[in-house]
Amino acid sequence: MQYPEPIAKLIDSYMKLPGIGQKTATRLAFYTIDMKDEVVNEFAKSLLSVKRDLHFCSICGNITEEDPCEICQDTTRDKSMILVVEEPKDVMAMEKMREFHGLYHVLHGVLSPMEGTGPEDINIAPLIQRLHDEEVKEIIIATNATTEGEATAMYLSRLIKPAGIKVTRLAHGLSVGSDIEYADEVTLLKAVEGRREL
Ligand SMILES: [Zn+2]
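Residues numbered from 1 in each chain as written. Predicted model: local features only at pLDDT ≥ 70, side-chain atom pairs only at ≥ 80, totals over all residues. Heavy atoms only, no water.

1. Points about the coordination of the zinc ion
For step 1, the next point in the chain: Looking at the zinc ion, the protein donor atoms are Cys57 (SG), Cys60 (SG), Cys69 (SG) and Cys72 (SG), and they sit 2.3 Å from it.
For step 2, the next point in the chain: Each of the four donor atoms around the zinc ion contributes to a set of angles spanning 105 to 116°, which defines the coordination as tetrahedral.
For step 3, the next point in the chain: In the primary sequence, the donor residues of the zinc ion line up as C-x2-C-x8-C-x2-C.
For step 4, the next point in the chain: For Cys60, a relative accessible area of 2% puts it in the buried group. (Donors = N, O, S within 2.8 Å, 3.2 Å for Na, K, Ca; no water. Tetrahedral: all angles 85-135°; square planar, octahedral: opposite > 155°, others 65-115°. Buried < 20%, exposed > 50% of the residue type's maximum accessible area, 1.4 Å probe, protein only.)

2. Some thoughts on the sheet that holds strand 6 (residues 166-169)
For step 1, the next point in the chain: One open sheet accounts for five strands, arranged 4-3-5-6-7; its pairing is mixed. Taken across any chain shown, the strands that pair with only one partner, and hence form the sheet edges, are strand 4 (102-106) and strand 7 (196-197).
For step 2, the next point in the chain: Judged from the five bridges that link them, strand 3 (residues 78-85) and strand 4 form a sheet pairing that is parallel. Residue pairing across strands places Val85 opposite Val106, the latter belonging to strand 4.
For step 3, the next point in the chain: Contacts between helix 5 (residues 88-97) and the sheet are confined to strand 3 and strand 4, with strand 4 contributing the most and set at about 160° to the helix.
For step 4, the next point in the chain: Strand contacts of helix 6 (residues 125-133): strand 3, strand 4 and strand 5 (138-141), with the helix running at about 150° to strand 4, the strand carrying the most contacts. (Pairing = 2+ DSSP bridges. Helix = DSSP H or I, 4+ residues; strand = E, 2+ residues; numbered from the N terminus. Contact = heavy atoms within 4.5 Å. Axes fitted to C-alpha atoms, helices over the stretch in contact; angles between N-to-C directions.)

3. Side note on the pairing of strand 6
For step 1, the next point in the chain: One ladder, built from four bridges, connects strand 5 with strand 6; its direction is parallel. Bridge pairing in strand 6 links Ile139 to Val167.
For step 2, the next point in the chain: Read as a crossover between parallel neighbours, the route from strand 5 over helix 7 (residues 147-160) to strand 6 is right-handed.
For step 3, the next point in the chain: In terms of strand pairing, strand 6 meets strand 7 through two bridges, oriented antiparallel. Residue Arg169 lies in a different strand from strand 7, and its bridge partner there is Arg196. (Right-handed = clockwise from strand over helix to strand, strands pointing away.)

4. Section: helix 7
For step 1, the next point in the chain: In a regular helix each residue adds 1.5 Å, so 14 residues correspond to 20 Å; helix 7 covers 20 Å between its end C-alpha atoms and thus fits that length.
For step 2, the next point in the chain: Among the residues of helix 7, those classed as buried are Gly149, Thr152, Ala153, Leu156, Ser157 and Ile160. One face of helix 7 carries all of its buried residues, which in axial projection span an arc of 135°. Exposed residues on helix 7 whose side chains face more than 90 degrees from its buried face are Thr147 and Arg158.
For step 3, the next point in the chain: Against the buried residues of helix 7 lie strand 3, helix 6, strand 5 and strand 6. (Expected span 1.5 Å × (residues − 1). Arc of directions from axis to C-beta.)

5. Description of the side chain of Arg130
For step 1, the next point in the chain: By the element assignment, Arg130 lies in helix 6.
For step 2, the next point in the chain: Polar contacts involving the side chain of Arg130 include one to the main-chain carbonyl oxygen of Tyr104, which spans 2.6 Å. (Polar contact = N/O pair within 3.5 Å; in protein donor to acceptor, adjacent residues only side chain to side chain.)

6. A short note on a nonpolar patch on the surface
For step 1, the next point in the chain: A cluster of nonpolar side chains, namely Val50, Leu54, Phe56, Ile63 and Met92, defines an oily patch on the protein surface of about 420 Å² accessible area.
For step 2, the next point in the chain: Along the polypeptide, Val50 turns up in helix 3 (residues 37-52).
For step 3, the next point in the chain: Judged by relative accessible area, which is 45%, Val50 ranks as partly exposed. (Patch = residues over 30% accessible without salt bridge, like charges linked within 9 Å, V, L, I, M, F, W, Y side chains within 5 Å. Areas by Shrake-Rupley, 256 points an atom, 1.4 Å probe, with all protein chains shown as cover. Salt bridge = Lys/Arg side-chain N within 4 Å of Asp/Glu carboxyl O.)

7. Concerning the nonpolar core
Soluble, globular proteins show a tendency: their nonpolar side chains are buried together.
For step 1, the next point in the chain: The biggest cluster of nonpolar side chains holds 41 residues, and the ones touching the most others in it are Leu83, Met94, Ile139, Leu156, Ile160 and Leu170.
For step 2, the next point in the chain: Of all elements in the fold, only helix 4 (70-73), strand 3, helix 5, strand 4, helix 6, strand 5, helix 7 and helix 8 (185-193) reach the threshold of two or more residues within this core.
For step 3, the next point in the chain: Residue contributions to this core peak at five residues, all from strand 3.
For step 4, the next point in the chain: Ile7, Ile11, Ala25 and Ala29 belong to the second-largest nonpolar core, a separate cluster that totals six residues. (Core = buried A, V, L, I, M, F, W, Y, C linked by side-chain atoms within 4.5 Å.)

8. Regarding the domain arrangement of the chain
For step 1, the next point in the chain: As assigned here, the chain comprises domain 1 (5-53) and domain 2 (74-180 + 185-191).
For step 2, the next point in the chain: Measuring from the centre of the C-alpha atoms in domain 1 to the corresponding centre in domain 2 gives 34 Å. (Domains from an automatic or database assignment.)

9. Let's talk about unusual backbone geometry
For step 1, the next point in the chain: Of note, the amide linkage connecting Asp67 to Pro68 takes the cis form, showing an omega dihedral of -5°.
For step 2, the next point in the chain: Checked against the element boundaries, Pro68 lands in the loop between strand 2 (63-64) and helix 4.
For step 3, the next point in the chain: At Arg98, a residue that is not glycine, the phi angle is positive and equals roughly 60°.
For step 4, the next point in the chain: Considering the arrangement of structural elements, one finds Arg98 in the loop between helix 5 and strand 4.
For step 5, the next point in the chain: Backbone geometry at His108 places phi at a positive 60°, although glycine is not the residue there.
For step 6, the next point in the chain: If you trace the backbone, His108 turns up in the loop between strand 4 and helix 6.
For step 7, the next point in the chain: What makes His108 partly exposed here is its relative accessible area of 27%.

As structure tokens, this is what we get:
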């Protein structure tokens, strides 16, 4: 039996979300049919809004409603340090810790020869540009403790160090293979405090 087209389309849409297969997508689609009109409207509006109202900060690449983002605009922050992360959600994790007062740079990915992701595919060039423009003394690389995260850290280190800027890497209170976003605040704080020079 074929599903009516609106349901088939909704199932296809749900299946584009990470970790959702056909079975879950079908269950969600039928659940949606039973939801109240206003709830579905809100849902649809918020889906459109995250794409329409959020942008990437032209300086650091973080997600923001205004450009530059709040952190880049904050004159009280320490401009001598830039902490480099893979994704915007890592910035949120770091900010929750409340102990880091420098600036950020979001790469939007990591280098991955396996998946064909090279330096030009992630947000590296604007980071190098910032080194010329700003009074940066230290780059703290906080990519995840995965093979790709490590490779990206080494690549950045080789790129940045010749400019006479200190490059450090978060300490491995973070276990191997672990993601920054899931680390608790104490672990993150220790990882920042125990950072080592690359
Ligand atoms: Zn920014």
